[in-house]
Amino acid sequence: MQKNLSKSIRTAIQVMLLLTLIAYGITGYGITEFRTVEALSLGLITKPVAFQIHNNLIFPFIILLLLHIFYKPLSRVIFKST
Ligand code: HEM
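Residues numbered from 1 in each chain as written. Predicted model: local features only at pLDDT ≥ 70, side-chain atom pairs only at ≥ 80, totals over all residues.

A. The arrangement of the site of the ligand in detail. Near the ligand you find Gln14, Leu17, Leu18, Leu21, Leu65, His68, Ile69 and Lys72, and these make up its full shell. Of all the secondary structure elements, the ones that give two or more residues to the shell around the ligand are helix H1 (2-32) and helix H4 (58-69). Class assignment of the residues belonging to the shell around the ligand gives a composition of five nonpolar, two polar and one charged. (Near = placed C-beta within 6 Å. Helix = DSSP H or I, 4+ residues; strand = E, 2+ residues; numbered from the N terminus. Nonpolar A, V, L, I, M, F, W, Y, C, P; charged D, E, K, R; others polar.)

B. Fine view of the environment of threonine 11. Along the chain, the position of threonine 11 falls in helix H1. When the C-alpha atoms of threonine 11 and histidine 68 are compared, they prove to be 9.4 Å apart, with 57 residues separating the residues in sequence.

C. Up close: the environment of alanine 23. Mapped onto the secondary structure, alanine 23 falls in helix H1. Along the sequence, alanine 23 and alanine 50 sit 27 residues apart, while their C-alpha atoms lie 9.4 Å from each other. The residues contacting alanine 23, other than those within four sequence positions of it, are Ile53 and Leu57. (Contact = placed C-beta atoms within 7 Å.)

D. Inspection of unusual backbone geometry at higher detail. Backbone geometry places leucine 42, a non-glycine residue, at a positive phi of 55 degrees. Along the chain, leucine 42 turns up in the loop between helix H2 (34-40) and helix H3 (47-56). The exposed category is assigned to leucine 42, around which 7 C-beta atoms lie within 10 Å. (Buried ≥ 20, exposed ≤ 12 C-beta atoms within 10 Å, placed from the backbone.)

E. Representation of the environment of glutamine 52 in the model. Note on placement: glutamine 52 falls in helix H3. Through-space distance from the C-alpha of glutamine 52 to that of threonine 27 is 8.8 Å; in sequence the pair is 25 residues apart.

F. Examining the packing of H1 against H3 more closely. Interaxial distance between H1 and H3 falls to 8 Å at its minimum, and their mutual angle equals 140 degrees. The angle between H1 and H3 falls in the class oblique. Of the two elements, H1 crosses H3, and the hand of that crossing is left-handed. From H1, Ala23, Tyr24, Thr27, Gly28, Gly30 and Ile31 reach across to H3, where they touch Lys47, Ala50, Phe51, Ile53 and His54. For the contact of H1 with H3, the class distribution of residues is six nonpolar, four polar and one charged. (Axes fitted to C-alpha atoms, helices over the stretch in contact; angles between N-to-C directions. Parallel < 35°, antiparallel > 145°, perpendicular 65-115°, else oblique. Left-handed = near helix turned anticlockwise from the far one by under 90°.)

G. The packing of H1 against helix H5 (residues 71-80), seen in detail. Closest axis-to-axis distance for the H1/H5 pair is 11 Å, and the angle between their directions is 145 degrees. Regarding H1 and H5, the two cross each other, and that crossing is right-handed. Contacts from Gln2, Ser6, Arg10 and Ile13 of H1 reach H5 at Tyr71, Ser75 and Phe79. Split by residue class, the contact of H1 with H5 holds three nonpolar, three polar and one charged.

See the structure below:
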């Protein structure tokens, strides 16, 4: 049971990290090739929006990356104490 929960949390962290990396790529492209990205996103991702998202992605990225890298020792501590 705890093993399943631990595995689900690990997978969730991996998926969110992957989505963050994809968002980094899209918004980065949205800054340099803003005309293309703005057209493809139907005007949703404009250059200032892409820039703001790209800059602020650092916070979730760092948190997810640390969780991802240190998940093993962290889960040992968390699931041992419950
Ligand atoms: C900046 C991006 C990433 C970095 C720097 C990174 C780094 C690492 C490191 C250092 C480990 C070894 C951790 C350990 O031994 O406990 C690891 C394991 C792993 N990573 Fe990543 N990772 C990144 C992104 C991703 C993404 C996006 C995925 C999945 C979509 C992923 C899937 C995995 C898997 C499956 C493992 C093995 C976990 C295990 O030991 O059970 N990684 N990664």
